[in-house]
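# Structural overview
One letter stands for each residue in the lines below.
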Amino acid sequence: MKTTGRKAKIVVSGDGAGIASQAGGLLLIEALRVTGLDQGLSRALARWRTSRAVHDPGKIMTDLAVTLALGGDCLADIAVLRSSPELYGPVASDPTVSRLVKTLAQAGPAALRAIRTARAQARERAWALAGDRAPGADGDLIPVDLDATIVIAHSDKDQAAPTWKRTFGFHPMTAFIDHGPGGTGEAAALVLRPGNAGSNTAADHITAGRLALNQIPSRLHKQVIIRTDSGGGTHEFLDWVTARRVKYSIGFNLTDDICAAILALPEHVWQAAYDADRQPRPGAWVAELTGMLDLSSWPKGMRVIVRRERPHPGAQLRFTDIDGHRFTCFVTGTRHGQLADLELRHRRRARCEDRIRCAKDTGLRNLPLHDAAANQIWLEVVALAADLTAWTQMLALTGHPARTWEPKRLRLRVFSAAGRLVRGGRRLRLRLSNRWPWTDLITTAITRLQLLPAP
C-alpha cells in the first residue's frame, strides 16, 4: 500500500518568543477582575504582608487558585503562571509561596475568616453581575448540598487516619451551591477532618452548614434549602437547621418503626415517582409516612417521605429491602407540593457527587502538605479555584454547552489554548490560532468579561 501524503520531519527548537501557553487562562484573570476577588483578598490578607515584601499575599493566593483551575495539584505548579508574566503578572517564587502558606496556617482561624470573607464578597458581586442567571434569581431555591468524601493519603500526614472504606487519609466535609441542570456549582465550604471522622457527625454538618450560609448573602437565606444524605438525619443537625428557619431535605435512616409503617401502607396511597425529566418513572413510587410515626421528639412540621422502587436487574438486595423493593426515606419541612416533586428535588442532591468529582480534579484529590492547618489553607485555595471556574462559566459561557463543562474538558478545549503575544499601537494583543475549534468561544467569552465593570 502506498501512502497518499508525506509527513515532513519536524525540527524542534527552544528559541520562540512571544508565545504564551495556557493562554485561555486569561478568562480566569478577567473573572478575578470583574468579581473583585483579587482586590478583596489583597485587602483581607494585608495584615500578613511584611513591610519589605515584594509580592502581595492576595495575589499569591489568586495565583494558586488559577494554578489549580488550570490543572495544578501542588504549590510548585505555580511555575506554569510564572512562565507567562504578560498574562498573569509577576508570580512569586516557590519559597515565597511556601512561606505564605505556612504563615497563614499559623494564623489559623483569623486567616481562614479573612479568606472566606473575601470569597463571600466576590460571590455576591458575581451573582449581581449574573443577574437572572445567578442562583436564587426570580425567587428560586438555592440548593446547598452537604456531603463527606474520602481523600487518600500515601504518606503519614497530620490527621491522616484509616477511613471507613479501609483506606488511609482524610474525610473532609463539603458543601456546594448547586446551579441546577443548566450549570455547575460553587464550593461553599470545604472542612478538613481526620480520616476516621464519622459520616453522621452532627457537629461537622453544623460547621459546614454555617460556613455555607456565611457564603450566601443574608437577604437570600430564606431561599436556601439544605440537602444531605442520611448522614445529616440527626436530631442536632435538624434542630440547628430549623432554628434558622432554613428549608431542608435530608435523608433518613430506615428504623424498625419506619419499616413497620411501610408494610402497613395500603397499595392505593403509593404515587408514581418522577424521573429526571419530571416524567412518571416505571417501577418507582413515593408515599408519605408522617401520620403513621411518632415524631414528637423531632422538629415541628417535619414530614417523612418514602420512595419504593424495583432494583435494577442484577442489583444485590440489602437487608432493608422489603418484598423485593428497595426503600429510601427523607425528611423535609416543605408543606406544599406533590410528593413526587419533593422526592425529585431531594434526589437531585446527587449532583453534589459531580461537584466533589470536579473539586478532586481541581486540587482536592491530594492534600500535598504535612500539617493539618496548612492543608486547610490548601482546601481554601481549592474552594477559590472551584468558585473561580464556576463564576467564569456563569458570567462568560452562558448560552453555550461550555456552561456545563467539567474542569477536564474546559482545560483541554479552552484554558490550554496557546497564543502569540503581539505588541503594537501601545497595545498588547493575544492572537489565537484560527484553526483551533474553540477560538471563537474563547474570544467571545473574554470580550464578554472585559465589557463588565470592575468593582
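What comes next concerns the included structure.

Calculation criteria
- For every chain, the first residue of the written sequence is number 1, and numbering continues from 1 onward in sequence order.
- Only residues with pLDDT of at least 70 are given local features in this predicted model, and only at 80 or more are side-chain atom pairs given and counted; all residues enter the totals for whole chains, interfaces and linings.
- Side-chain measures were taken over the full set of non-hydrogen atoms in the model, leaving aside hydrogen atoms and water.
- Nine residue types can take part in a nonpolar core, namely buried Ala, Val, Leu, Ile, Met, Phe, Trp, Tyr and Cys, and a core is a set of them joined through side-chain atoms within 4.5 Å.
- For each residue, the accessible area found with a 1.4 Å probe, counting protein chains only, is set against the maximum for its type, and the residue is called buried under 20%, exposed over 50%, and partly exposed in between.
- In DSSP terms, a helix is any run of H or I states spanning at least four residues, a strand is any run of E spanning at least two, and both are numbered starting from the N terminus.
- Residue contacts are defined here by distance: any two heavy atoms, one from each residue, within 4.5 Å place the two residues in contact.
- Two strands form a pair only when DSSP identifies at least two bridges running between them.
- Only the stretch in contact is used when a helix axis is fitted, and all axes are lines through C-alpha atoms; the angle between N-to-C directions ranges over 0 to 180 degrees.
- Counted as a polar contact is a pair of N or O atoms within 3.5 Å, where, for protein atoms, one must be capable of donating a hydrogen and the other of accepting one, and residues adjacent in sequence contribute only when both atoms are in side chains.
- Between Lys or Arg on one side and Asp or Glu on the other, a salt bridge is scored when a side-chain nitrogen of the former is within 4 Å of a carboxyl oxygen of the latter.
- Like-charged residues are merged into a patch within 9 Å and nonpolar side chains (Val, Leu, Ile, Met, Phe, Trp, Tyr) within 5 Å, provided each residue has over 30% relative accessible area and no salt bridge.
- Surface accessibility in these figures is a Shrake-Rupley result with a 1.4 Å probe; residues are shielded only by whichever protein chains are displayed.
- Charge assignment in this entry is limited to Lys and Arg as positive and Asp and Glu as negative, and neither His nor the chain termini are counted.
- Taken as the charge centre is NZ of Lys, CZ of Arg, CG of Asp or CD of Glu, depending on the residue.

### Overview of the nonpolar core
- Ranked by size, the top nonpolar core spans 128 residues in total, and within it M61, W127 and L289 carry the most contacts.
- The greatest single-element share of this core, amounting to 16 residues, is contributed by helix α13 (residues 372–396).
- Leave out the neighbours within four places in its chain, and L289 touches I258, A261, I262, L265, V304, V306 and C329.
- Judged by nonpolar contacts, the second largest core, of ten residues, contains Y274, A284, V286 and A340.

### Thoughts on the sheet that holds strand β6 (residues 173–178)
- Within the open sheet, the nine strands sit side by side as β7-β6-β2-β8-β9-β13-β12-β11-β10. Their pairing is mixed. Of all the strands in the sheet, the pair left with one neighbour each is β7 (185–191) and β10 (271–274). For this sheet, the mean angle separating the axes of adjacent strands, direction not counted, is 25°.
- Bridging between strand β11 (residues 280–288) and strand β12 (residues 303–309) involves five bridges; their strand directions are antiparallel. What sits directly across from A284, in β12, is E309.
- Here helix α12 (residues 351–364) sits on the sheet and contacts β2 (142–148), β6 and β7; the angle it forms with β6, its principal contact strand, is near 110°.

### Description of the environment of D145
- Within the secondary structure, D145 sits in strand β2.
- Taking relative accessible area as the criterion, D145 reaches 1% and is therefore assigned buried.
- For the pair formed by D145 and R349, sequence separation is 204 residues and the distance between their alpha carbons is 6.1 Å.
- Apart from the residues within four sequence positions on either side, D145 is in contact with T174, A175, F176, D178, R227, R349 and C352.
- A polar side-chain atom of D145 sits 2.6 Å from a polar atom in the side chain of R227.

### As for the pattern of salt bridges
- Counted under the stated rule, the structure contains 24 salt bridges.
- Put simply, R82 and D94 hold a salt bridge, and the shortest N to O gap is 3.1 Å. Of the two residues, R82 sits in helix α4 (residues 79–82) while D94 sits in helix α6 (residues 94–107), which places them twelve residues apart along the sequence.
- We note a salt bridge from R357 to E406, for which the minimum N-O separation is 2.4 Å. Highlighted residues: R357 in helix α12 and E406 in the loop between α13 and α14 (407–415), separated in sequence by 49 residues.
- Residue E406 is classed as partly exposed on the basis of its relative accessible area, which comes to 26%.
- Through salt bridges with shared partners, one network takes in R116, R119, R123, E186, E380 and D387.

### Description of helix α11 (residues 339–347)
- Counted residue by residue, α11 has seven buried out of nine residues, so it is predominantly covered.
- All buried positions along α11 are accounted for by L339, A340, L342, E343, L344, R345 and H346.

### Concerning unusual backbone geometry
- Of note in this structure, D138 is not a glycine but carries a positive phi near 60°.
- You can see D138 is positioned in the loop between α7 (109–130) and β2.

### Thoughts on a positive patch on the surface
- A surface patch of positive charge is lined by R420, R427, R429 and R431.
- Broken down by element, the residue count for the positive patch peaks at three residues, all from strand β15 (residues 427–432).
- Relative to the helices and strands, R427 resides in strand β15.
- We classify R427 as exposed; its relative accessible area is 62%.

Distances and angles like these do not, on their own, reveal function.
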